[in-house]
Amino acid sequence: ERLFAICGHAIEFLLRPDHEPLWQAGCAALAEAEERIRETVQDLVQQLAARGEPAYGVANPLPWDREGTVVAFHIAAAEGLGNFRLVDGRGNAVPCQVLERYDEVTRYDCAGADVLALIEVPALGLVSLRAVREPGALAVSAPGSLGASHEPLILHNGVLTARFQGGQLVWLEGMEMPIRPLAFTEPRRSPDWMHDWEPLRRETFRPERWGLVWNGPCRWVYRAEGCLGEHAATVDYILERGCGEVRLEATLDCVPGEGYFTADFAARPGPLLADIPFGAEPRELAAEPSRLRQPLADRSGGNDYVPPFEEDGSVGMEQGWPGAFYARNWAAFPGPGGDAAVMVEDCSIYYRDEREQGRISLLLHRIVDRTSKQSWNAQIDPALAGTGRHTFRYAYRPGPRDPAALARRVRELQHPLYVAPRYGQGEGLDGLRTLAVAPANVVATACYREGARTLLRVYEAAGQAVEACVAVPGYAAAELVDLLGQPTGQSLTLADGLVKFRLRPWQIATLALS
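These notes cover the structure that comes with them. (Residues numbered from 1 in each chain as written. Predicted model: local features only at pLDDT ≥ 70, side-chain atom pairs only at ≥ 80, totals over all residues. Heavy atoms only, no water.)

1. Some details on the overall build of the protein chain
Alright, step 1. From N to C terminus, the protein chain includes two helices and 37 strands.
Alright, step 2. Taken across its 514 residues, the protein chain has 47% of its residues classed as buried.
Alright, step 3. Pairs at least 24 residues apart make up 68% of the contacts formed inside the protein chain by residues separated by at least 6 positions.
Alright, step 4. Accessible surface for the protein chain amounts to roughly 24,400 Å². Of this, 53% is attributable to carbon and sulfur atoms. (Helix = DSSP H or I, 4+ residues; strand = E, 2+ residues; numbered from the N terminus. Buried < 20%, exposed > 50% of the residue type's maximum accessible area, 1.4 Å probe, protein only. Contact = heavy atoms within 4.5 Å. Areas by Shrake-Rupley, 256 points an atom, 1.4 Å probe, with all protein chains shown as cover.)

2. Remarks on the environment of Asp402
Alright, step 1. Position of Asp402 relative to the elements: it lies in the loop between β27 (388-398) and α2 (403-414).
Alright, step 2. Classification of Asp402 as partly exposed rests on a relative accessible area of 36%.
Alright, step 3. Remark: the alpha-carbon pair of Asp402 and Ala462, spanning 60 residues in sequence, is separated by 7.2 Å.

3. A short note on the sheet that holds strand β11 (residues 179-187)
Alright, step 1. Here six strands make up an open sheet; going across it, the order is β12-β11-β17-β26-β25-β22 and the pairing antiparallel. The open sheet terminates on both sides in strands that have one partner only, identified here as β12 (199-204) and β22 (324-326). Ignoring which end each strand starts from, the neighbouring axes of this sheet average 35° apart.
Alright, step 2. Sheet analysis places strand β17 (residues 259-266) next to strand β26 (residues 359-367), joined by eight bridges and oriented antiparallel. Pairing of Tyr260 across the sheet is with Arg366, part of β26. (Pairing = 2+ DSSP bridges. Axes fitted to C-alpha atoms, helices over the stretch in contact; angles between N-to-C directions.)

4. Regarding the packing of aromatic side chains
Alright, step 1. Applying the stated criterion across every chain, the model contains nine aromatic pairs.
Alright, step 2. Relative to Phe261, the ring of Phe184 has its centre 4.7 Å away and its plane inclined at 40°; by these criteria the two rings are tilted. Residue Phe184 is located in strand β11, and its partner Phe261 is located in strand β17; the two are separated by 77 residues in the primary sequence. No difference in accessibility class separates Phe184 from Phe261, as the two residues are buried.
Alright, step 3. Centre to centre, the rings of Tyr222 and Tyr237 are 6.3 Å apart; their planes meet at 50°, and the pair counts as tilted. With Tyr222 in strand β14 (residues 219-228) and Tyr237 in strand β15 (residues 231-240), this residue pair connects regions lying 15 residues apart in the sequence.
Alright, step 4. For Tyr222, a relative accessible area of 0% puts it in the buried group.
Alright, step 5. Relative accessible area serves as the criterion here: at 2%, Tyr237 is assigned to the buried category. (Phe/Tyr/Trp six-rings, centres within 6.5 Å; stacked < 30°, edge-to-face > 60°.)

5. What to know about helix α1 (residues 16-45)
Residues separated by three or four positions in an α-helix point in the same direction, a consequence of the helix having 3.6 residues per turn.
Alright, step 1. Compared with an ideal rise of 1.5 Å per residue, which puts 30 residues at 44 Å, α1 spans 43 Å between its outermost C-alpha atoms and is within 8% of the ideal.
Alright, step 2. Taken as a whole, α1 has its buried residues at His19, Gly26, Ala29, Val41, Gln42 and Val45.
Alright, step 3. Residues of α1 that are buried sit in contact with β1 (55-59), β6 (126-133) and β28 (418-421). (Expected span 1.5 Å × (residues − 1).)

6. Things to note about unusual backbone geometry
Alright, step 1. Going from Gly216 to Pro217, the amide bond is cis rather than trans, its omega being 10°.
Alright, step 2. The linkage connecting Ala438 with the following residue, Pro439, adopts the cis geometry, with an omega of -5°.
Alright, step 3. Structurally, the position occupied by Pro439 is in the loop between β30 (436-438) and β31 (442-450).
Alright, step 4. Non-glycine residue Phe278 carries a positive phi angle of around 60°.

7. Focus on the pairing of strand β3 (residues 84-88)
When a strand is regular, its side chains alternate between the sheet's two faces.
Alright, step 1. Where burial is concerned, most of β3 is hidden: four out of the five residues are buried.
Alright, step 2. One ladder, built from five bridges, connects β3 with β6; its direction is antiparallel. Bridge pairing in β6 links Val87 to Arg130.

8. What about the sheet that holds strand β37 (residues 508-513)?
Hydrogen bonds between backbone groups are what pair the strands of a sheet, and the pairing can be parallel or antiparallel.
Alright, step 1. Pairing is antiparallel across the open sheet formed by four strands, whose spatial order is β31-β32-β37-β34. Every interior strand has two partners, whereas the edge strands, β31 and β34 (478-481), have only one. Between one strand axis and the next, the sheet turns by 25° as a mean value, whatever way the strands run.
Alright, step 2. Bridge count between β31 and strand β32 (residues 453-460): eight bridges; the pairing is antiparallel. Across the sheet, the residue bridging to Cys447 is Leu456, located in β32.

In structure tokens form, the structure reads like this:
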């Protein structure tokens, strides 16, 4: 509720006295939410059986079965790091790799390691993860360092084959140079907050040092360090076993200036598909009415702009940047060797179609030179200047555009598995499974308690009519309700712990369980 209270503000038009309390309120609300999640997961984990030490619980916040990676921190092994393996609650071996080693002998006379585990977790469920003593079970390899890789370097994660050279991803599944992970455009300066978008100067990321820092078998990380004009930058290319995308983590150290940063993706002419709330929207930007911002006729210099009004009186802002379009969590387009998609973990919704130059760009960040601004524009909060360190996470997925698969996968990237240590004896649970949604083109967007009921909201994500099936163990009654919680009268069946009901293409449905 506190976050909703501030989300309606356009922060670039706030002066410092207004910006600071809103920022503090947002940070406080997020911190409290993260703490509630941590406490909830920790409480659940304590219910797990205690069969061996150390032990952890892994929780899945999404209502479908999934496989993902977690890090079990500082597993101690008195007999040496090569003398244990990881297993789940049923004793099945869990693939893993050592990330960090603590080899020094302490007063406890043991060595330890941070271990990455690749584990399957049921829908909205919980599984245990524990170390089992077994001589010679875990192959321990030291992490790599920049400059130590032989190039060109070819990596294969079981799904994708990628080739790296000179700090760049030069080939991916038949696509040459599909990604330029960072670019900076310096436009003409303006005394107003909104500068021009046309470039005076454009810089792309120049790697200076690079190498393979993690070498599987669960995660591979190829790191490049370099610069982007005057701005220092680091890019991690991340492949995980069995995953169909390359994840990128780009870190910028921004110095004062004026301009914007983008991630660029090689693209060919053809239809775009943009994620929107509860659906996907085909876009043909060239055929759509232009909504470019127009200069005021009575101002000299052309620096002041006003947005044109639509026939219904609304302001058309989406194409205030030439070729701009919105995409909520992902955007799909024709890549250099077939279809591809960009999925964002914590980036913006703003893209630019620049396929006349062979690319589609994702807007990452903007820096503003406050010293060049006039009037109230110079009184913006210094934090909005954009300087300092910023990290952006997104993923590139080659292959057919499948809206339902993209909708599910992007939620997995945005909502990773949670892991917490287990203390004490627990209550004997090997795992836990609650609500589960099927088939794959039924995607859940919310699940929460409201009074005595649990509300689960889903939508059909592929544009195809389907019979939805929801596993609801422990619930005795179910009905379909509208967004206000009132019964819709639509029929459903509840038998053997399963609720079934029909969904039209793109239909939204809310299920009330008691």
